[in-house]
There are 2 protein chains.
Amino acid sequence: MKIDVYATQNSVIEKEWKDRLVVIIDVLRATSTIITALDNGCKEVIPVTEIEEAVNISRSIDPEGFLLGGERNAVKIDGFHLSNSPLEYTREVVEGRTVVITTTNGTKAIKKAGDAREVLIGGFLNASAVGDHVACKDMDVTIICAGTGGKFSLDDIITAGAIIDGIMQKAVSPVELDDLALVCKFLYDSHKDHVLDALKDTYHYRVLEKAGFYEDIRFCFQKDRMATVPVYKDGVIKHLVE
Amino acid sequence: MKIDVYATQNSVIEKEWKDRLVVIIDVLRATSTIITALDNGCKEVIPVTEIEEAVNISRSIDPEGFLLGGERNAVKIDGFHLSNSPLEYTREVVEGRTVVITTTNGTKAIKKAGDAREVLIGGFLNASAVGDHVACKDMDVTIICAGTGGKFSLDDIITAGAIIDGIMQKAVSPVELDDLALVCKFLYDSHKDHVLDALKDTYHYRVLEKAGFYEDIRFCFQKDRMATVPVYKDGVIKHLVE
């Protein structure tokens with residue numbers, strides 16, 4: 001099986017994911033938030049790219065049954081119930097509900113890959129669970145990192161490395177890594193015992209830390225805290241059903 | 001000063017280079033070939049994107065005074081004097097002549113950055129010389145790697161790390177690295193004593209090795225063999241004049 005990684009959604013070569021398994025990573029914080037919401041019993045997550053779209057979709061759902069979540073430039077959107085902090089998506093808040101979410105980078109990447117064979121939502125929180133599932137499928141996989149503002153973002157890249165490590169530990173056939181996948185794996189292996197320390201000079205980490213979200217960062221980089229593997233299909237993210 | 005790195009020319013955010021120093025890297029093999037040609041006394045190099053353009057330009061030059069060089073998919077172009085192997089660009093062949101060159105990835109990246117403040121041609125061969133010049137200028141710099149077939153290519157990334165290392169050793173003001181620049185520097189530091197070994201599982205290395213170009217790879221990764229810093233201006237690459 002082949003593993004290819006793209007550092008940003010706009011650098012992806014389209015034909016390369018059509019018949020593949022795709023894993024989307026926006027570890028700070030969109031995909032971590034989605035994993036957490038589903039792990040805490042939320043019914044489904046609907047990712048949308050525009051704020052207006054989120055509001056429109058929510059109008060067709062029972063007001064008690066949904067929550068609007070998301071951010072623009074790391075800040076909660078006016079009139080929304082929740083921001084993009086996974087810490088807000090507790091069982092008390094999300095259980096049994098539909099979350100409609102829109103974020104600056106992550107939801108765009110998820111929607112872009114909609115026509116792949118299968119689209120999984122990955123993070124540090126579920127790295128081994130995603131790795132297990134991919135290894136089991138034994139299909140070529142494209143990992144798409146959301147990046148930050150269209151740029152290479154080390155937080156996503158190290159997370160891709162954690163997932164590649166998970167895949168390789170369980171793979172049943174030889175794994176062929178493209179150049180960026182090799183780099184992700186090397187960076188993860190080099191920093192896995194001190195990930196937050198390795199990220200402290202990176203752009204996204206610093207922006208979030210300055211905005212008061214250090215606890216979010218810490219939460220998102222708990223390795224394998226969750227076994228939930230969210231799958232995006234027909235516009236909706238739900239638990240993987242095997 | 002800030003250092004930003006892009007892994008492929010198509011991932012570059014345009015506004016980010018307009019008022020900057022730009023360094024173009026296509027270490028295997030376009031920029032290594034250009035550095036070698038100028039170091040061996042070639043008068044100038046004219047990079048063009050299309051084969052027809054190369055032929056047209058050459059018609060306006062004294063037939064004795066020019067050479068057509070380049071490749072498509074690592075293979076010499078029919079009717080051209082030279083391929084894209086730096087080993088062919090010896091002093092005997094290139095001295096005093098104009099080289100018109102077109103390659104799959106490198107020349108496109110060079111031409112794209114034409115409107116930057118200054119465009120330098122970088123490689124492993126001249127990493128410290130380029131680093132010295134950039135440090136001296138003390139301006140923000142954008143390093144654009146050509147990549148391979150639109151994808152992240154570790155050969156270029158490690159070369160960017162070597163140039164960043166050179167800049168940082170001579171910088172007169174604090175250096176701020178973006179995420180990919182941090183990664184380039186880390187990968188160079190981790191592999192600088194065994195670069196070819198670190199590249200042996202990468203895509204571009206394997207393609208060239210299989211095509212019989214191992215000696216080219218070895219040549220291109222000789223650190224600081226040359227002090228030549230080529231500059232691209234008004235469509236032509238010449239020696240830096242300070």
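Cut-off values and rules
Residues numbered from 1 in each chain as written. Chains lettered and ligands numbered in written order. Predicted model: local features only at pLDDT ≥ 70, side-chain atom pairs only at ≥ 80, totals over all residues. Heavy atoms only, no water. Core = buried A, V, L, I, M, F, W, Y, C linked by side-chain atoms within 4.5 Å. Buried < 20%, exposed > 50% of the residue type's maximum accessible area, 1.4 Å probe, protein only. Contact = heavy atoms within 4.5 Å. 1 Å grid on protein atoms, 1.4 Å probe; cavity = no way out; pocket = protein on both sides within 12 Å on 5 of 7 lines; lining within 4 Å. Points joined across faces, edges and corners; volume = space filled by probe spheres on them. Helix = DSSP H or I, 4+ residues; strand = E, 2+ residues; numbered from the N terminus. Nonpolar A, V, L, I, M, F, W, Y, C, P; charged D, E, K, R; others polar. Phe/Tyr/Trp six-rings, centres within 6.5 Å; stacked < 30°, edge-to-face > 60°. Lys NZ or Arg CZ within 6 Å of the ring centre and 35° of its normal. Least-squares fit on C-alpha atoms with pLDDT ≥ 70 in both. Salt bridge = Lys/Arg side-chain N within 4 Å of Asp/Glu carboxyl O. Pairing = 2+ DSSP bridges. Buried area = accessible area lost by both parts, 1.4 Å probe. Polar contact = N/O pair within 3.5 Å; in protein donor to acceptor, adjacent residues only side chain to side chain. pLDDT = per-residue confidence, 0-100. Axes fitted to C-alpha atoms, helices over the stretch in contact; angles between N-to-C directions. Parallel < 35°, antiparallel > 145°, perpendicular 65-115°, else oblique. Left-handed = near helix turned anticlockwise from the far one by under 90°.

## Examining the nonpolar core
In this structure, Ile 143 of chain A together with Ile 143 and Phe 221 of chain B are the most contacted members of the largest nonpolar core, which totals 93 residues. For Phe 221 of chain B, the contacting residues outside a window of four places in its chain are Val 27, Leu 28, Phe 124, Asp 155, Thr 159, Val 195, Leu 196 and Leu 199 of chain B. In this structure, Ile 35, Leu 38, Cys 42 and Val 45 of chain B belong to the second largest nonpolar core, which totals 31 residues.

## Considerations on the layout of surface pockets
Roughly 630 Å³ of volume is contained in the largest pocket. For the lining of the largest pocket, the secondary-structure elements that each account for two or more residues are strand E1 (2-6) and strand E9 (176-177) of chain A together with helix H9 (203-210) of chain B. A total of 5 residues in the lining of the largest pocket trace back to one element, the largest contributor, which is H9 of chain B. Here the lining of the largest pocket is built from residues that sort into 8 nonpolar, 8 polar and 12 charged. Approximately 370 Å³ is the volume attributed to the second largest pocket. Around the second largest pocket, the lining comprises 17 residues; the ones closest to its centre are Lys 151 and Tyr 203 of chain A together with Asp 4, Glu 176 and Asp 178 of chain B. Taken together, the elements giving at least two residues each to the lining of the second largest pocket come down to helix H9 (203-210) of chain A together with strand E1 (2-6) and strand E9 (176-177) of chain B.

## Quick notes on the packing of aromatic side chains
In the structure shown here, the tally under the stated rule is 5 aromatic pairs over all chains. Ring-pair connections join several aromatic residues into one group, and the members of that group are Phe 124, Tyr 188 and Phe 221 of chain A. Positioned above the aromatic ring of Phe 213 of chain B, the side-chain terminus of Arg 29 of chain B is 4.3 Å from the ring centre.

## With respect to the relation of the copies chain A and chain B
Of the transformation placing chain A onto chain B, the axial shift is 0.0 Å and the rotation is 180°, giving an RMSD of 0.0 Å. Considering both components of the superposition, the chain copies are consistent with a two-fold axis. The rotation axis passes nearest to the C-alpha of Ser 11 of chain A in chain A, at a distance of 2.9 Å. Looking at chain A, 100% of its interface residues are interface residues in chain B too, so the copies touch through the same face.

## Considerations on the pattern of salt bridges
Side chains that carry opposite charge are capable of pairing whenever their charged atoms lie near each other. Using the criterion set out here, one finds 29 salt bridges over all chains in the structure. With its nearest N and O atoms 3.4 Å apart, the salt bridge here joins Asp 224 of chain A to Lys 223 of chain A. A residue is classified by how much of its surface remains accessible, and Asp 224 of chain A, at 30% relative accessible area, is partly exposed. Given the relative accessible area of 33%, Lys 223 of chain A is considered partly exposed. Asp 132 of chain B is paired through a salt bridge with Lys 170 of chain B; the nearest N and O atoms lie 3.0 Å apart. One end of the pair, Asp 132 of chain B, is in helix H5 (residues 127-137); the other, Lys 170 of chain B, is in helix H6 (residues 154-170), and 38 residues separate them in sequence. A single network of salt bridges, built from pairs that share partners, joins Asp 4, Arg 20, Asp 140 and Asp 178 of chain A together with Lys 151 of chain B.

## Description of the pairing of E1 of chain B
Residues and elements named next belong to chain B. Across the 5 residues of E1, 4 count as buried, placing the element largely inside the fold. Sheet topology note: the E1/E9 ladder contains 2 bridges and is parallel. Following the sheet pairing, Lys 2 is matched in E9 by Glu 176. Pairing geometry for E1 and strand E8 (residues 141-145), over 4 bridges, is parallel. Considered in E8, the bridge of Tyr 6 is made with Ile 144.

## What about the interface of chain A and chain B?
A common way to express how large an interface is: the accessible area buried when the components associate. Each partner contributes to the interface: chain A provides 24 residues, whereas chain B provides 24 residues. Among the residues chain A hides against chain B, the three largest losses belong to Lys 151, Phe 152 and Asp 179 of chain A. Together they make up 32% of the total. Here chain A and chain B share 4 salt bridges between them. Between Asp 178 of chain B and Lys 151 of chain A there is a salt bridge; the shortest N-O distance is 2.9 Å. Linking chain A with chain B are 8 residue pairs in polar contact (both at pLDDT 80 or more), by the criterion used here. For the side of chain A that touches chain B, the class distribution of residues is 10 nonpolar, 6 polar and 8 charged.

## Here's the deal with the confidence of the model for chain A
In this model, chain A carries an average pLDDT of 94, and 100% of its residues clear a pLDDT of 70 or more. Two summary scores accompany this predicted model of the complex, namely pTM at 0.95 and ipTM at 0.93.

## Looking at the packing of helix H5 (residues 127-137) of chain A against helix H6 (residues 154-170) of chain A
Residue and element names in this part refer to chain A. Running from N to C, H5 and H6 cross one another at 45°; their axes reach a closest spacing of 7 Å. On the basis of the axis angle, H5 is oblique to H6. In the crossing of H5 with H6, the sense of the turn from one axis to the other is right-handed. On H6, the residues touching Ala 127, Val 130, Gly 131, Asp 132, Val 134 and Ala 135 of H5 are Ala 162, Ile 163, Gly 166, Ile 167 and Lys 170. Of the residues contributing to the contact of H5 with H6, the split by class is 7 nonpolar, 2 polar and 2 charged.

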